[in-house]
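Structural overview
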Amino acid sequence: VDATGDILVDSPVEGVLLNARGSLTINGGVIGHGSVHAAGTLQVRFAQGATLQAGALIVVADMAMDSVLQSDQQILIGTGAGARGRLIGGMASAGMLLRVPWLGTPKSALAKITLGANASLDARLADVMHHIDEEKASEANLDKLARQLKSTGDPKHLLQRVNASRQHVVEEWGKSLAEKAEIEKEIAEERKACLEVTVGVEGAVDLRIFHSQARLRREFGAGRFVLDDSDRIVFCRADGGEPETVH
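Residues numbered from 1 in each chain as written. Predicted model: local features only at pLDDT ≥ 70, side-chain atom pairs only at ≥ 80, totals over all residues. Heavy atoms only, no water.

1. Re the overall build of the protein chain
Per the secondary structure count, the protein chain includes 2 helices and 22 strands. Per-residue burial over the protein chain gives 39% buried out of 247 residues. Here the protein chain has roughly 13,100 Å² of accessible surface; of this, 51% comes from carbon and sulfur atoms. If the 27 positive side-chain charges of the protein chain are averaged to one point and the 33 negative ones to another, these points end up 4 Å apart. (Helix = DSSP H or I, 4+ residues; strand = E, 2+ residues; numbered from the N terminus. Buried < 20%, exposed > 50% of the residue type's maximum accessible area, 1.4 Å probe, protein only. Areas by Shrake-Rupley, 256 points an atom, 1.4 Å probe, with all protein chains shown as cover. Lys, Arg positive; Asp, Glu negative; His and termini not counted. Charge placed at Lys NZ, Arg CZ, Asp CG, Glu CD.)

2. Topic: the pairing of strand S18 (residues 205-209)
Side chains Val205, Leu207 and Ile209 of S18 all project onto a buried face; the interleaved residues Asp206 and Arg208 project onto a face where none is buried. Sheet topology note: the strand S16 (residues 111-115)/S18 ladder contains 5 bridges and is parallel. Paired with Thr114 across the bridge in S18 is Arg208. One ladder, built from 5 bridges, connects S18 with strand S19 (residues 212-216); its direction is antiparallel. Bridge pairing links Arg208 to Gln213 in S19. The antiparallel pairing of S18 with S19 creates a hairpin that spans 2 residues between the two strands, and Phe210 there sits at a positive phi of about 55°. (Pairing = 2+ DSSP bridges.)

3. Description of the packing of aromatic side chains
When we look at a pair of aromatic rings, we describe it by the centre distance and by the angle of the planes. Scanning the entire structure with this criterion turns up 3 aromatic pairs. Ring plane angle 65° and centroid distance 5.0 Å describe the contact between Phe220 and Phe235, whose orientation is recorded as edge-to-face. With Phe220 in the loop between S19 and strand S20 (223-227) and Phe235 in strand S21 (residues 233-237), this residue pair connects regions lying 15 residues apart in the sequence. With centroids separated by 4.7 Å and ring planes inclined at 40°, the aromatic side chains of Phe225 and Phe235 adopt a geometry described as tilted. Highlighted residues: Phe225 in strand S20 and Phe235 in strand S21, separated in sequence by 10 residues. Counting every residue linked through ring pairs, the aromatic cluster contains Phe220, Phe225 and Phe235. Across from the ring centre of Phe220, 4.0 Å away, lies the NZ or CZ of Arg218, which sits over that ring. (Phe/Tyr/Trp six-rings, centres within 6.5 Å; stacked < 30°, edge-to-face > 60°. Lys NZ or Arg CZ within 6 Å of the ring centre and 35° of its normal.)

4. Concerning the environment of Val59
Tracing the backbone through its elements, the reader meets Val59 in strand S9 (residues 57-60). The exposure class of Val59 is buried, given its relative accessible area of 11%. Sequence spacing of Val59 and Phe46 is 13 residues, and the spatial spacing of their C-alpha atoms is 9.2 Å. In this structure Val59 touches Leu42, Gln43, Val44, Leu76 and Thr79, once residues within four positions along its chain are discounted. (Contact = heavy atoms within 4.5 Å.)

5. Some points on unusual backbone geometry
The backbone of His157 shows a phi angle near 55°, a positive value even though the residue is not glycine. The residue His157 is located in the loop between helix H1 (119-152) and helix H2 (159-189) in this model. Within the chain, Asp231 stands out as a residue other than glycine whose phi angle is a positive 60°.

This is the structure we're talking about:
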């Protein structure tokens with residue numbers, strides 16, 4: 001199903017493909033290799049063996065198990081389950097925040113978590129860089145042509161048109177460079193990404209925040225995993241104390 005607006009599903013879904021260009025709400029769960037995508041907010045009760053993607057926010061009321069979760073901004077798990085909410089195994093990727101009560105179980109599969117990752121921003125930057133390369137090459141070619149016309153003569157009076165085209169390319173190049181700077185500023189904000197665990201970590205986790213990585217292979221209590229000023233991943237306990245570097 002591909003909807004131009006919002007989608008609301010009252011029951012659990014299995015093995016489905018749903019795409020909403022607005023928001024998507026599934027009051028049941030997503031199981032059996034189902035794949036659901038929302039350009040805005042995606043809300044489900046639970047996910048098992050499913051793929052969930054959202055442009056803004058993923059909300060899982062209860063638990064996500066062996067699933068792939070990808071949001072450009074935030075993932076919130078356990079919003080309707082209190083301290084029972086849990087992320088078990090699978091992969092989760094968010095631009096700024098993943099919040100969950102429990103992360104893993106003592107016998108669960110490895111969970112892979114990536115924060116400070118925004119696929120939309122990365123795609124925009126790649127597109128702008130492509131335009132910059134094209135504009136740079138066009139400017140160089142037009143500059144070369146203008147110099148040739150000046151040195152060999154311009155009987156067809158092409159120089160004015162070449163100079164005008166070159167000026168236009170330079171202006172577009174400047175716009176692209178400004179857009180590149182803005183996107184890079186947004187990407188730099190992703191250094192502030194955070195994994196927040198409101199109860200504790202019980203299972204194995206491979207954690208990546210921006211460009212730094214850590215392997216969590218022991219239990220942690222409630223707290224936040226963030227980057228410090230030296231780009232090291234540190235654990236900040238909810239009850240205070242000095243940040244602890246994790247590797």
